[in-house]
Structure formats: structure tokens, C-alpha cells
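Working through the structure, step by step
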Amino acid sequence: MKFVIDTISNSSLSRIGTLKNFHRLPQISFETPILFMYSKGGCIPHLTHDVLQYVSKEYQAIQVPLPSTISCHHPLTKSQEGIADFIGMREYLVYCSVQDPAIPSPAGYNTMDKVSIWCKSGKEHVDSDRYMDIMEAFKPDIYQCLGDGETNVDSTNKRIQKSIKRSLHMFHRCLERHKKSEALKNSAFIALLQGGYDVEERVNYAKEIAGSPIDGFVIDGLHDNSPGVEFFDFDKVKPIVTESVKEFPEDKLRIVHGCWSPETVLKLVELGIDAFDSSFPFAVTERGAALTFPYKASDVCDADVNHKVPVTEDFVKEEHSYEINLGDSKYTEDFQPILKDCQCLCCKKHTRAYINHLLLSKELLARVLLMM
Amino acid sequence: MVLETDMSAKGCVKSALNFTILAECRKSNARTGIMKLPHFDVDTPVFMPVGTQGSMKGILPEQLEELDYQIILGNTYHLGTRPGIDVIEKAGGLHKFMNWNRALLTDSGGFQMVSLLKLADITEEGVKFISPYNDMSSDPGKECMLTPEHSIEIQNVIGADIIMQLDDVVKTTTVGPRVEEATHRTSRWLDRCLKAHAHPERQNIFPIVQGGLDPNLRSLSAKMHAEREVNGYAIGGLSGGECKEDFWNMVHLCTKRKDEGKDVQPLLPKEKPRYVMGVGFAVDIVVCCALGVDMFDCVFPTRTAMRLMKSIRESIKADTFPEFVVGFMKCAHPSGEYPKWVLDSLSAVNIHLQKEEAGAS
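Below is a short write-up of the structure. The shown structure was predicted, so the numbers you read here are calculated from the model rather than taken from an experiment. (Residues numbered from 1 in each chain as written. Chains lettered and ligands numbered in written order. Predicted model: local features only at pLDDT ≥ 70, side-chain atom pairs only at ≥ 80, totals over all residues. Heavy atoms only, no water.)

Next up on the list: the overall build of chain B. Along chain B, the regular secondary structure elements total 13 helices and 18 strands. Across the 361 residues of chain B, 57% fall into the buried class. Contacts in chain B between residues at least 24 apart in sequence constitute 64% of all its contacts with a sequence separation of at least 6. (Helix = DSSP H or I, 4+ residues; strand = E, 2+ residues; numbered from the N terminus. Buried < 20%, exposed > 50% of the residue type's maximum accessible area, 1.4 Å probe, protein only. Contact = heavy atoms within 4.5 Å.)

Another aspect to go through is the sheet that holds strand β7 (residues 103–106) of chain B. Sheet strands pair by backbone hydrogen bonding; their relative direction is either parallel or antiparallel. Residues and elements named next belong to chain B. Ordered by their spatial adjacency, four strands build an open sheet running β6-β7-β11-β12, and the pairing between neighbours is parallel. Whereas interior strands pair on both sides, the edge strands pair on one side only; in this sheet they are β6 (71–74) and β12 (204–206). Taking the axes of each pair of neighbouring strands and ignoring which way they run, one obtains an average angle of 25 degrees across the sheet. With three bridges connecting them, strand β11 (residues 162–164) and β12 associate as parallel partners. Residue pairing in the sheet places Met 164 in a bridge with Phe 206 of β12. Its contacts with the sheet place helix α5 (residues 148–158) against β7, β11 and β12, and it is angled at close to 160 degrees to β11. (Pairing = 2+ DSSP bridges. Axes fitted to C-alpha atoms, helices over the stretch in contact; angles between N-to-C directions.)

All names here are of chain B. Contact geometry for α5 and helix α6 (residues 177–196): axes closest at 8 Å, N-to-C directions at 40 degrees. As the angle between them shows, α5 and α6 are arranged oblique. Seen from above, α5 lies across α6 with right-handed handedness. Facing α5, whose interface residues are Pro 148, Glu 149, Ile 152 and Asn 156, α6 presents Trp 189, Arg 192, Cys 193 and Ala 196. The residue makeup of the contact of α5 with α6, split by class, is five nonpolar, one polar and two charged. (Parallel < 35°, antiparallel > 145°, perpendicular 65-115°, else oblique. Left-handed = near helix turned anticlockwise from the far one by under 90°. Nonpolar A, V, L, I, M, F, W, Y, C, P; charged D, E, K, R; others polar.)

Here the focus is the interface of chain A and chain B. Often the size quoted for an interface is simply the accessible area lost on bringing the parts together. Contact residues are listed per partner, giving 24 residues for chain A and 21 residues for chain B. Buried area between chain A and chain B, summed over both chains or domains, comes out near 2000 Å², and the portion from carbon and sulfur atoms is 60%. It is Tyr 54, His 357 and Glu 363 of chain A in chain A that bury the most area against chain B; as a group they hold 27% of the surface buried on that side. Taken together, the links from chain A to chain B amount to three salt bridges. A salt bridge links Glu 333 of chain A to Lys 90 of chain B, with the nearest nitrogen and oxygen atoms 2.7 Å apart. (Buried area = accessible area lost by both parts, 1.4 Å probe. Salt bridge = Lys/Arg side-chain N within 4 Å of Asp/Glu carboxyl O.)

As a further point, take the pattern of salt bridges. Under the counting rule described, the total for this entry stands at 42 salt bridges over all chains. One connected set of salt bridges, linked through shared partners, spans Asp 129, Asp 133, Glu 136, Arg 173, Glu 176, Arg 177 and Lys 180 of chain A.

Since the α-helix turns once every 3.6 residues, residues separated by three or four places project in the same direction. For helix α8 (residues 244–255) of chain B, with twelve residues, the first-to-last C-alpha span of 17 Å sits near the 16 Å given by 1.5 Å per residue. Among all positions in α8 of chain B, only Phe 247, Trp 248, Met 250, Val 251, His 252, Leu 253, Cys 254 and Thr 255 of chain B are buried. (Expected span 1.5 Å × (residues − 1).)

Turning our attention to the packing of helix α7 (residues 234–246) of chain A against helix α8 (residues 262–270) of chain A. Residue and element names in this part refer to chain A. Contact pair α7 / α8: the axes reach a minimum separation of 11 Å and the direction vectors enclose 25 degrees. With respect to α8, the axis of α7 lies roughly parallel. The two elements α7 and α8 cross, and the hand of that crossing is right-handed. Facing α7, whose interface residues are Phe 234, Val 237 and Val 241, α8 presents Thr 264, Lys 267 and Leu 268.

Quick look at empty space enclosed by the protein now. Residue and element names in this part refer to chain B. As enumerated under the stated definition, the model contains one cavity of 30 Å³ or more in all. The calculated volume of the largest cavity comes to roughly 40 Å³. As for the largest cavity, its lining consists of Glu 24, Asn 29, Arg 31, Thr 255, Arg 257, Lys 270 and Arg 274. Residue composition of the lining of the largest cavity, by class: no nonpolar, two polar and five charged. (1 Å grid on protein atoms, 1.4 Å probe; cavity = no way out; pocket = protein on both sides within 12 Å on 5 of 7 lines; lining within 4 Å. Points joined across faces, edges and corners; volume = space filled by probe spheres on them.)

This is a description of form; function is not addressed.
Rendered as C-alpha cells:
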């Protein structure tokens, strides 16, 4: 993988770049800032492969979290194909992550060299070697290093120290295996940056790993992957992100995961973050709601980065002004699309009233339309 | 044998249904045709998947079109309860509400008499239901009266291409005077439905032949309904746990062209489409096609049925339908031990499984 920065803003730290030169998919490239498509068990929730084609025929980058795919390890050891083929997404870029950004992971089960992965059948303890075995079987295009990111805004200094010590240990072990691995020689390696909400620890950790041959890093350990991340106080996150980013060379991909609210994502882009995931739209779908902020994909991509990303006062002031709860009886006779003039299939063809009916009738199509 | 039998509407009013038989089997009563409906031209024989509440289990209308579905079902009772008839009316009908541009068929709501019998009380006026729904859109335990007029009024609002009369459904295996009462009441209700129908130019009421498993009552019901001015017929009250002998004989009774060796007019005229409700399994569908049925619906896995219908249509056109039936039954019963009812029903329409098999080997 190659990451090239195309433009850097004059007025903020935001930047536009290109991800390219993927060995498995040489013909495709992605513009950043990018949203990795959140998947569960190798499937975009509620969307089958052919429905996904209605959403977009363009190649997408999919995030494949380990908790819902760890069970694929055994069959894949018996086959040469990687996880992309196994989940029927061979034309999509696959990025494997340790944790699921939309499912809170219970705390207190990690040990010195093992991370607990919560899957359907319960808890799996994964150490660096088992993790790297799994990754060698999965052969992802991009993958995270193993780490203990079980810190959040309330974590004690002691817990942060533990997270750092364990994660560094795992980082070195994973990187060592990565360098030697034949199966992963074409996969991009993403480090997990730990340190909780302690700026000094973050900076020290960053210094420790910044010189290593990594392709990018995740600012990990900010939250517990719950939908509540939406309501986090950005001011607490800001110094962590600002100071962490400074320590790495510019051409490292910067990733932040979780169900951040749209305005927080915009603010993180302003701080120079390049990649996110789509767990927030998934969380909104699960609560039977739809997002209604107006946007045009082309405007976002073509925007002159010299202009500040438009985060207006009004937009931030009224929390949830961009979301409607379609299960509410006030939409029973509302025959408008979810968002007027939106060109997506759901908005072009269906109404709020119909989705309200599908939600009340517990029809599967309700969440298909919302997820689209 | 390929022939064109066009059943155009008389006069200049555009008919809401135009059935053209494209080809007929040289031996059996099987036929394939096109049923032109206001929203779409439907190839018959056709299997109609069930989209009870205005949605086909997680499948987008676009996907249904890609899978080449031409007509799907909606359930009047469910739709009338939720989202409610007011909402569908304001949306401009079910086609618009669910964004389905092809043909639709709705039932009368009467089938729920059987499936929710404990909740229903049937009188000459209609069916009194107690709503089993317990949600914000209707009061649980609320009594509702479904009359033939009301059923048609609701179906007129829903706007399906084919709508069903309200019939007096009794459990298939019921015997005695209740069956006779239901048979006659169904015909009386048919007349009330036809009278109440507001859109004959764009919606077709199909009468439903009842009569339980009694051949005399069945014939009577079919004869009475055949006298009405309608564009197609349904055979109801079957596929409810009766034995297969009874099942095929009741269908055959309505469609047969020969009786004891003599040519006869089928009780349900051959120029109009025939619909057996609630069928079914692949074997039943193949048998009913041979008997001369054109339309089916069932919650039976839909894609299997779709493929089967396509094979049947093609084999009738290619004039290889008897060979298709023989091959199909051989796959379904590899041991060659065919159920008696399959042998009997097919031989009644000149398809002889065992003889042809013996001849082939």
C-alpha cells in the first residue's frame, strides 16, 4: 500500500490523500479522508452483495472486525484464499481490525500478552502469535497490529500504563512476525497508538513506534466502542489527537474508529485524521432512524481544502438536528423521501411513511432501506 | 399445438384483464399464456410470491424485478390493519406505497377466518374479527366487521390488479350442512362483491369456487360462478390438510374437458385464467398445471417455484410438456414408486408415467 498526500489545508491540519498500489487490487485507489465500510461477519449489515451494488458500484474499502470473523480462521487455514474471497468480497479492499467499532467490548479480560475478543460463542483469548496466524490466513490488504486499547476517558493512570506496556509488547512481537511473513508481505501494517487521555503518555508512545516500518496508525484507547461515543466531548479528544499526530511522519495513514457524530468526524478531519468507519450510520439504522443532513459527495471530494470545512454554528448547536426517528407515529402519513433531492435509491423510490410501516411491521426491508 | 385464443373485452372499454393462450399441451389440459393486467403482462402458469405486509421479506422491488417476478400478493387483512387503509389511500394505492410497478393481487381478508378462527364470528352479514394486533395502530381486542362490501372497498383502495371476493371459508376437511351453507353464502357474497366493486375497468374480481370436498357442491359452486361476468376464477378451500385424492379430484372437476370419455365444456371456462389458492409444493404445482390451472400462490420457497414455472411454460411452448412431467416425476421419485394420486391424476389427462417410462427403457 502506498499513501500519498495530495493537498494540505492552509487554514487547518486537514489533508487530502490517495491510498493506492494494493498488491491484490492494483487497479483501485481511494481518496482520503475515507470511511471504511463497517462489516459484521464479513457482510455489510442488512445489505447483501447485490443490494450493495445499488448503493454504489464503485469499489469500497471494508473494515472486517475480528470479533465477528474469528470463526473464519479455522476454515481459512485449510484454503489458500484469504478472507476477501471467503466472504465473497474479492473486488473490495479488506482492512482487518482487532475490535468491533460498533459493539462495546467488556473490560477487564485482557492479560499481559493476550487480548480478549468477544465473539458469538463467547470470549477468545488471542495472543500475538495466534493473532498473526489468523492474519496470515486472512491475508487482508490492510490490518491492525494487536493491542490492548481498553482505556477510556475515565481510565486511571495505572490502567493506562498497563495498556501501554502490553500494547508495546504486542506491537514488537507482531511487527517482528510481519517482517518475516511471506503471506503478509503485501499487506499494510497499522499500529495502535495507546495512552488513554494522557497527552504525555500518548506522545511517548508515539515516539516509541513512529520510527518503525508501519503504514499508518490508529489512535486507539479513546472509548469502549459503544454507541455513546456519539456524545463524547470533543474538547477532551482534541489535544490527544493533535499531539499524537505530530509525532509521526506525514505519510502515515491516520485512523480513528468509533461511532463519532458527523460533526466530530468533521472536526477530526480538521485535525488531520484520514480514515474513519461507518459504525455510526449502522448504529443509527439499528435504532430505526435515518440521517438527514444535506451533503453532496462531489462537494466533499472536490472542496478546496483551503476553505475551512463548513461546520456551522447551527449545525452543531442543535444536537440530532440531522437525525429522524422513523418509528415515530408522526411519519405514518409523511410521503416525503427521507431527504429531499437525495439521489440514493432509498430516497428516490421510497417514503418516510413506507419505512415507518416497515419498522412497525418488523419487516426486514426496513433496515435494508435505512442502511442503504 | 400452438393456437391463439384471444379473450378481448367486448365494446370499447379497455378490459382490466386480457388472457391469451399461447400454447396448449397436446395431451393434458396444460396451457401457457399471457395475462395482460393494468400494471403488467404476466406469463402463465405463474407462481405468485406472498408479500403479506407490503414487502417481500427483505427484498427490494428492484431485486424482485431482476428476479423476473411479474405479480406478487398482498394480504388485505394485514394491510388494512397496518398501515391502515387511510394511509394506503393517501399514498395513492399499494403500488405507490411500496414502489412496486408490476402486477399485484390481494386476497379478501377472508382466509384469516380459517387461520384466526377463534377470533372470528361468521354471519350472513360478514365476518366479525377481534383484532389480534397489539400495537399503537389499532386497539387490541377491538371488534371489526368485515363484510363483502367492506372487503371490496378496502381492496379498491389498495388498488391491486386482481382482487378476491370475500368467501365463506370453512376448514377444508369440514363435512355436513356447514359446507353447503358456506358454498351458497360464497355465491351470495360474490354478487354483493361485484355490486360493490368501484373500479371494474382497472381491477378484476376473481370469484372463489368453494364446496369443500363434496363433488356435487363443488360443481354447483363452479357453475354458479361461471355464470357471472368476471375475467378469471379461483379455486379455494383446498390445500388445507385434505388428502391428495380429494385435492386433485376437486381441481380436476372444475377444469376437465372429458368426462367418462366424452368431450365436455370445463366448468370453469378454458378462456379465462384459473387460480388454485395456497398451492404449493412442486409436485402439486406440476399436477395442477397438467389439470389446467394457471396461477398459484404459497409461502413455499419462492425461487424454486419460479424456476419450475419457467420450465413448465417453455415445455408447453416446445410441446414437450408430457416429457417434462415424466422427467420431473422421475427426479422427485427416483425409486419409480409414484404415489397413486399422482399416477391417477396425470393419467386422467393422458400422461401415463409408468407406461411411458416402460416404453422409454
